[in-house]
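# Breakdown of the fold
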Amino acid sequence: MPQTIGIPKETYAGEKRVATAPDIVEKLIKLGFSVTVESGAGEGASFFDEAFTNAGAKVVSGTDVWASSDIIFKVRAPDLSEVAKLKEGTTLISFIWPAQNPDLMTALAARKITVLAMDAVPRLLSRAQKMDALTSTASISGYRAVIEAANAFGRYFNGQITAAGKVLPAKVFVAGAGVAGLAAIGTSVALGAIVRANDTRAEVADQVKSMGAEFVKVEYEEEGSGGGGYAKVMSEGFQQAQREMYAKQAKDVDIIITTALIPGKPAPKLITAAMVASMKPGSVIVDMAGEQGGNCELTEPGKAVVKHGVTIIGYTDLPSRLAKQSSTMYATNLLRLTEELCKTKDGQIFVNMDDDAIRGFTVIKDGAVTWPAPPLKLPAPPAPKAVAAPVVVKEKSAFSKLVSALTMPIFAAALFALIGLYAPPAFIGHFTVFVLAVFVGYMVVWNVTPALHTPLMSVTNAISSIITIGALIQIAPQVAPGTARPDELIRWIAIVGIALTSINMFGGFAVTRRMLMMFRK
């Protein structure tokens, strides 16, 4: 008998997201499951009961969802009143945050259920990335943080020159270049701001630069990478150097967006009250770590306040402020997880504890706490290749170097001397013109600036131009009176040469234009 997936309405204050979407319901039904949705569960995300019904779900009361479901999909971790509604043997899939919620873990284990935490995804496994709800949520939060900053900021983000005067671009500093930070950087750059960013992990510097922002380095050498793609707690020396850098940036920029979080720990305090006081009036701070206490000392979680003339935004519901997009992406993550749990497509899930990806998600199995998961057994790096012994190159003597340096000039001088002594006078004149032509031609061809087309096209067009000029001279040469004009065969060869080189030149411009069109948006 197929299992039933239940979607209750989120009860957390201000939460508008829902754990599935109508188009995802259709795919869950194709996997063999039946789906029940609490009436009104998707209204905050603009997914109404009629859409769920048309997708094949049953819209029922909240009591019926909890009572009839074998699997519960949720966004927020359940509160204790919701835990009491779970029947024994149910599988709960939701954000749980087991390190921050020990009482919740105890209550869930007492119900003898299985719990898969969407915040415990093993991010080092590439095949788990399709189920990584943390990344989906963080990217939305980073985007929304910039939108909130733009709403509170009193100017354009991009610079403009208008009849009313010049508008300078806004300067944005992003503290932390993880998923949320990179999303904030991309959005700020797209809006035209001057963007700077910092992160304790040196490897993200190239990512920041690739997005058009400047990476601001802390003048203190220490590696900041932690486990699972997160940052680690840094030493006091590094933190002091980091605070000095932040203090300098606070005085210069207009907007600061902070994203620094370390799993299982309070948010580090990066922006002090003194830094806030040093910022320009009208500046904005968006503290994305507000739910864990905030990265700014003056942040009030869940609120936007003005202190020292600076607007400090500590909203804890940034993903919920884009509820439809957040719900759709989270529902897709849940669908991918369900596909891993139900590979037979018979409407029955199997929590395989031998699967590293599923084991990482599972924090409670049939009432037994299995969190934290054991470290992943990653494949050992390949053994380094044996380094061959360096080849010892015998140093040449000074005399050998002198002989090598003089050989070519002496040979060339001897050749020119022989030509001068034995060649006829007419040959000397032609030979001189030939040498000068080679030199001038080389300088002309290789010094063409590829401003209008690719370097290859610029060189071939330069050569074609020289050929065309030579052919034109053969067609209409300047001859002395009484001198025979060139043979008609030479004239027709010159005409054919002009035709072919013209095709090459115009074709070069046409190919270049098509190449440039490929890079236009």
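Relevant structure appears above.
Report on the accompanying structure. (Residues numbered from 1 in each chain as written. Predicted model: local features only at pLDDT ≥ 70, side-chain atom pairs only at ≥ 80, totals over all residues. Heavy atoms only, no water.)

In this section: the overall build of the chain. Counting secondary structure elements, the chain contains 16 helices and 17 strands. Here the chain, with 521 residues, has 40% of them falling under the buried criterion. Within the chain, contacts between residues separated by at least 24 positions form 62% of all contacts whose residues are at least 6 apart in sequence. As presented, the chain carries roughly 28,600 Å² of accessible surface, and 63% of it is formed by carbon and sulfur atoms. (Helix = DSSP H or I, 4+ residues; strand = E, 2+ residues; numbered from the N terminus. Buried < 20%, exposed > 50% of the residue type's maximum accessible area, 1.4 Å probe, protein only. Contact = heavy atoms within 4.5 Å. Areas by Shrake-Rupley, 256 points an atom, 1.4 Å probe, with all protein chains shown as cover.)

Here the focus is the packing of aromatic side chains. Under the criterion given, the structure shown has 5 aromatic pairs. Taking the centre distance of 5.5 Å and the plane angle of 15° together, the rings of Phe95 and Tyr330 count as stacked. Here Tyr330 lies in helix α11 (residues 323-341) and Phe95 lies in the loop between β5 (91-94) and α5 (102-110), a separation of 235 residues in the sequence. Neither residue differs from the other here; Phe95 and Tyr330 are each classed as buried. Ring-pair connections join several aromatic residues into one group, and the members of that group are Phe95, Trp97 and Tyr330. Sitting above the plane of the Tyr12 ring, Arg76 keeps its charged end 4.1 Å from the centroid. (Phe/Tyr/Trp six-rings, centres within 6.5 Å; stacked < 30°, edge-to-face > 60°. Lys NZ or Arg CZ within 6 Å of the ring centre and 35° of its normal.)

A complete count under the given rule lists 1 cavity of 30 Å³ or more for this structure. In this structure, the largest cavity occupies an estimated 30 Å³ of space. In terms of residue count, helix α6 (residues 133-152) provides more of the lining of the largest cavity than any other element does, 4 residues in total. Across the lining of the largest cavity, the residue classes break down as 4 nonpolar, 3 polar and 1 charged. (1 Å grid on protein atoms, 1.4 Å probe; cavity = no way out; pocket = protein on both sides within 12 Å on 5 of 7 lines; lining within 4 Å. Points joined across faces, edges and corners; volume = space filled by probe spheres on them. Nonpolar A, V, L, I, M, F, W, Y, C, P; charged D, E, K, R; others polar.)

Right, let's talk about the side chain of Asp199 for a bit. Looking at the secondary structure, you find Asp199 in the loop between β10 (194-198) and α8 (205-210). Look at Asp199 and you get buried, because its relative accessible area is 9%. A distance of 2.7 Å separates a polar side-chain atom of Asp199 from the backbone nitrogen of Ala177. From its side chain, Asp199 meets the backbone nitrogen of Arg201 in a polar contact 2.8 Å long. Beyond its immediate chain neighbours, meaning those up to four positions away, Asp199 contacts Gly176, Ala177, Gly178, Val204 and Phe215. (Polar contact = N/O pair within 3.5 Å; in protein donor to acceptor, adjacent residues only side chain to side chain.)

The topology assignment puts Glu339 in helix α11. Note: C-alpha distance between Glu339 and Leu28 (311 residues apart in sequence) is 8.7 Å.

Backbone-to-backbone hydrogen bonds join strands into a sheet, with any given pair of strands oriented parallel or antiparallel. Strand order in the open sheet formed by 8 strands is β3-β2-β1-β4-β5-β6-β16-β17, with mixed pairing between adjacent strands. Only two strands of the sheet have a single neighbouring strand rather than two, namely β3 (58-60) and β17 (368-369). The sheet contact formed by strand β4 (residues 71-73) and β5 spans 3 bridges and is parallel. The partner of Phe73 across the bridge, within β5, is Ile93. Packed onto the sheet, α11 meets β4, β5 and β6 (114-117) and runs at close to 140° relative to β5. (Pairing = 2+ DSSP bridges. Axes fitted to C-alpha atoms, helices over the stretch in contact; angles between N-to-C directions.)

It is worth spelling out the pairing of strand β9 (residues 171-175) at this point. Burial analysis of β9 places 4 of its 5 residues in the buried class, the great majority of the element. Pairing geometry for β9 and β10, over 5 bridges, is parallel. For Val174, the partnering residue across the bridge sits in β10 and is Ala197. A crossover links β9 with its parallel partner β10, the connecting element being helix α7 (residues 179-190), and its sense is right-handed. With 4 bridges connecting them, β9 and strand β12 (residues 255-258) associate as parallel partners. Counted as the bridge partner of Phe173 is Ile256 from β12. (Right-handed = clockwise from strand over helix to strand, strands pointing away.)

What follows is about the nonpolar core. Counting 44 residues, the largest nonpolar core has Ile7, Phe73, Ile93, Met118, Tyr330, Leu337 and Leu341 as its most contacted members. For this core, the elements supplying multiple residues, two or more each, are β1 (4-7), α1 (22-30), β2 (34-38), β4, α6, α11 and α12 (356-361). Tallying contributions element by element places α11 first for this core, with 7 residues. Ignoring any residue separated from it by four or fewer positions in sequence, one finds Met118 in contact with Ile93, Ser94, Phe95, Met131, Ala133, Leu134, Tyr330, Asn333, Leu334, Leu337 and Phe361. Judged by nonpolar contacts, the second largest core, of 30 residues, contains Ala184, Ala213, Ile255 and Ile313. (Core = buried A, V, L, I, M, F, W, Y, C linked by side-chain atoms within 4.5 Å.)

The next subject is the sheet that holds strand β14 (residues 304-307). Strand order across the open sheet formed by 7 strands is β11-β10-β9-β12-β13-β15-β14, with mixed pairing between neighbours. With one partner strand each, in any of the chains shown, β11 (214-215) and β14 form the two edges of the open sheet.

Before going further, it helps to examine the packing of α1 against α11. It is at 10 Å that the axes of α1 and α11 come closest, and there the two elements cross at 5°. Between α1 and α11, the interaxial angle falls into the category roughly parallel. Two secondary-structure elements touch here, α1 through Ile24, Lys27 and Leu28 and α11 through Ala331, Thr332, Leu335 and Thr338. A class-by-class count of the residues in the contact of α1 with α11 yields 4 nonpolar, 2 polar and 1 charged. (Parallel < 35°, antiparallel > 145°, perpendicular 65-115°, else oblique.)

A word on the pattern of salt bridges. What the rule picks out here adds up to 24 salt bridges. Between Asp252 and Lys171 there is a salt bridge, with its nearest N and O atoms 3.3 Å apart. One end of the pair, Asp252, is in helix α9 (residues 236-252); the other, Lys171, is in strand β9, and 81 residues separate them in sequence. Given the relative accessible area of 24%, Lys171 is considered partly exposed. One network of salt bridges, with partners in common, ties together Arg127, Lys130, Glu340, Lys343 and Asp355. (Salt bridge = Lys/Arg side-chain N within 4 Å of Asp/Glu carboxyl O.)

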